[in-house]
Amino acid sequence: SANTTFSDTGVVTVNTGGVLNDYGTVSVGSGVTLTDGGQVTVYTGGTLTDSGIVNVTGTLTDSGVVNVTGGGAVSDSGSVLVNSGGALNIGSVTAGDTGNTFTLTATGTLTDSGAVTINTGGTLSDGGAVTITGGGALTDSGVLTNTGGTLTISTGGTDTGTLTISANTTFSDTGVVTVNTG
């Protein structure tokens, strides 16, 4: 229910067929691991904050806010969906907040129909497939590295996807970048 907080100091595993629904606040603290082999859903108004380790082998659906901060790490070999109205923040605007990573393995996918922001101190490493759909936006103020994956910016009718790479930041590509037009 709304206004509920879930916090764990050990290991949380959502097995295949299992479900974790976040309508409030879920915190994965330093030294804590959340393994998603089933379905984790962050609903509108919900927040998932990762300062530990989140391993996605199932599906993570974000219609709320997912923050990777405080040295947090996400490893995606499943499927991460940032829905319209959802936000994925890698790193933060807080000085000294470094070491925040979101890594896609060869089987990992990140589909962005909302807002993905790589802040200073954040790194998105794409070894899988990143797709920015119509209406989706990817803003890079940190480090965006394509390590053999694909980065596709689609249009989706009259909507446009956006990739913004800010000054004094890094985008390196050893894979495929495709920018589609309307």
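Conventions used here
Residues numbered from 1 in each chain as written. Predicted model: local features only at pLDDT ≥ 70, side-chain atom pairs only at ≥ 80, totals over all residues. Heavy atoms only, no water. Buried < 20%, exposed > 50% of the residue type's maximum accessible area, 1.4 Å probe, protein only. Helix = DSSP H or I, 4+ residues; strand = E, 2+ residues; numbered from the N terminus. Pairing = 2+ DSSP bridges. pLDDT = per-residue confidence, 0-100. Contact = heavy atoms within 4.5 Å.

## Topic: the pairing of strand β15 (residues 109-112)
The side chains of a regular strand alternate, first on one face of the sheet and then on the other.
Right, so step 1: Here β15 shows one buried face, formed by L110 and D112, and one open face, formed by T109 and T111.
Right, so step 2: By the bridge criterion, four bridges tie strand β12 (residues 79-82) to β15 in an arrangement that is parallel. The partner of V82 across the bridge, within β15, is D112.
Right, so step 3: Pairing between β15 and strand β18 (residues 129-132): four bridges, direction parallel. By the bridge assignment, L110 is partnered in β18 with V130.

## Re the confidence of the model for the chain
Right, so step 1: Confidence along the chain averages 84 in pLDDT terms, with 82% of residues attaining 70 or more.
Right, so step 2: Long-range and interchain partners of residues 156-160, a stretch whose pLDDT sits below 50, account for eight contacts in this model, where long-range means more than four residues apart.

## A closer look at the environment of G108
Right, so step 1: Mapping G108 onto the fold places it in the loop between β14 (100-104) and β15.
Right, so step 2: Separated by 32 residues in the primary sequence, G108 and D76 have C-alpha atoms spaced 5.0 Å apart.
Right, so step 3: In this view, G108 contacts D76, S77, G78, G128 and A129; residues no more than four positions away in its chain are not counted.

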